[in-house]
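Here are the chains, one letter per residue:
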Amino acid sequence: MFVVSGASGHTGSVVAATLLEQGNQVRVIVRDARKGAPWHEKGAEVALADLGDAAALTAALRGAAGV
C-alpha cells in the first residue's frame, strides 16, 4: 500500500495515477471527500485527513509500505 498526499494537485495526482496504473494498492489523503471521489472510482482508498491532524494522519498512514 502506498499513501499519497496531495493527490488533488499536479505532482500528487501523477504519482497516484502512476502507482494505480502499475497495479499497486494506493490510498490518497484528501481534506475534502468530493476530491477523493474520483480516486475511489479509479480504485484507490480514500483517507480524509488534514496534514495538521496527527490522529487522522496516523490512521491514514497505517499499513503503508511507502508514502
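Being a predicted model, the structure only gives us computed values, none of them experimental.

(A) Highlighting the pattern of salt bridges. According to the stated counting rule, one finds 2 salt bridges in the structure shown. Linking Arg-27 and Glu-45 is a salt bridge whose minimum nitrogen-to-oxygen distance equals 3.0 Å. Here the residue Arg-27 occupies a position in strand 2 (residues 26–30), and Glu-45 occupies one in strand 3 (residues 45–48), the gap between them amounting to 18 residues. Judged by its relative accessible area of 12%, Arg-27 falls in the buried class. Take Glu-45: its relative accessible area is 40%, and that puts it in the partly exposed class.

(B) Inspection of the environment of Gly-12 at higher detail. With respect to the element layout, Gly-12 can be found in helix 1 (residues 10–21). Apart from residues lying up to four places away in sequence, Gly-12 is in contact with Val-4, Ser-5, Gly-6 and Ala-7.

(C) Structural detail: the sheet that holds strand 3. The 3 strands lie next to each other as 1-2-3, forming an open sheet whose pairing is parallel. The open sheet has two free edges, formed respectively by strand 1 (2–5) and strand 3, since each of these has just one partner strand. Neighbour to neighbour, the strand axes of the sheet diverge by 25° on average, direction disregarded. Alignment of strand 1 against strand 2, held across 4 bridges, turns out to be parallel. From the neighbouring strand, Val-3 faces strand 2, where its bridge partner is Arg-27. Lying on the sheet, helix 2 (residues 33–41) is in contact with strand 2 and strand 3; it crosses strand 3 at an angle near 165°.

Conventions adopted
Residues numbered from 1 in each chain as written. Predicted model: local features only at pLDDT ≥ 70, side-chain atom pairs only at ≥ 80, totals over all residues. Heavy atoms only, no water. Salt bridge = Lys/Arg side-chain N within 4 Å of Asp/Glu carboxyl O. Helix = DSSP H or I, 4+ residues; strand = E, 2+ residues; numbered from the N terminus. Buried < 20%, exposed > 50% of the residue type's maximum accessible area, 1.4 Å probe, protein only. Contact = heavy atoms within 4.5 Å. Pairing = 2+ DSSP bridges. Axes fitted to C-alpha atoms, helices over the stretch in contact; angles between N-to-C directions.

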